[in-house]
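# Examination of the molecular architecture
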Amino acid sequence: MLTHTRAVRVFAYAAPVDMRKGFDGLGALVEQQLGRQLLKGDVFLFVGRSRRRAKVLHFDGTGLVLLTKRLFRGRFARPWCDEGAQAVELTVSELSLFLEGCELAGRWKLSPPAVDEKVLAVGSGL
């Protein structure tokens, strides 16, 4: 089970993925297609074309973790709704809802935007 704080960034790959891919294949998508560093600690979500399987790839500080989930009923939401987008950013809460099979996760923002400390400092007159 993934246990993370809101500080972790979650990216859903915005195209269907061949679910036969493992650590190396998914890692190559992260670095070559998304231009992100796999070992930075971000979480990456991949969904197959049939939307019955999803994989989560994450570096936990000691090694790569690959979580796989297959739904027996229903389908995962489509994280590739936005045309031309490479990835859709989710919160940890949205990832949890997504993996539970929630149809809204990945389509609409379910969590409020992150609070920017600079905006708070300016707004408070400090």
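Parameters and conventions
Residues numbered from 1 in each chain as written. Predicted model: local features only at pLDDT ≥ 70, side-chain atom pairs only at ≥ 80, totals over all residues. Heavy atoms only, no water. Buried < 20%, exposed > 50% of the residue type's maximum accessible area, 1.4 Å probe, protein only. Helix = DSSP H or I, 4+ residues; strand = E, 2+ residues; numbered from the N terminus. Arc of directions from axis to C-beta. Contact = heavy atoms within 4.5 Å. Pairing = 2+ DSSP bridges. Axes fitted to C-alpha atoms, helices over the stretch in contact; angles between N-to-C directions. Core = buried A, V, L, I, M, F, W, Y, C linked by side-chain atoms within 4.5 Å.

Under an unreviewed UniProt entry, the protein has the name IS66 family insertion sequence element accessory protein TnpB and belongs to Hyalangium rubrum.

The next point concerns helix H2 (residues 92-99). Given 3.6 residues per turn, any residue in an α-helix points the same way as the ones three and four places further on. Among the residues of H2, those classed as buried are Val92, Glu94, Leu95, Phe98 and Leu99. Along the axis of H2, the buried residues cluster in a sector spanning 160°; they form a single face. Considering only its buried residues, H2 is in contact with strand E1 (10-13), strand E2 (43-47), strand E3 (53-59), strand E4 (64-70) and strand E5 (87-90). Downstream of H2 by a residue or two, Gly101 has a phi angle that is positive, lying close to 95°.

Next up on the list: unusual backbone geometry. With a phi angle near 65°, Arg51 is a residue other than glycine that sits in the positive phi range. With respect to the secondary-structure elements, Arg51 resides in the loop between E2 and E3.

As a further point, take the sheet that holds E4. The five strands are arranged E4-E3-E2-E1-E5 in an open sheet whose pairing can be described as mixed. Where the open sheet ends on each side, the last strands, each with one partner, are E4 and E5. Sheet twist, expressed as the mean angle between neighbouring strand axes with direction ignored, is 20°. Looking at chain direction, E1 and E5 are connected through four bridges and run antiparallel.

Turning our eyes to something else, we now look at the nonpolar core. Residues Leu45, Val47, Ala54, Leu95, Phe98 and Leu99 are the most contacted members of the largest nonpolar core, which totals 19 residues. The set of elements that each furnish at least two residues to this core consists of E1, E2, E3, E5 and H2. Of all the elements, H2 adds the most residues to this core, at four residues. Contact partners of Val47, with chain neighbours within four places excluded, come to Ala15, Pro16, Val17, Met19, Arg53, Ala54, Phe76, Pro79, Trp80 and Phe98. Membership of the second largest hydrophobic core comes to twelve residues, among which are Tyr13, Val30, Leu38 and Phe44.

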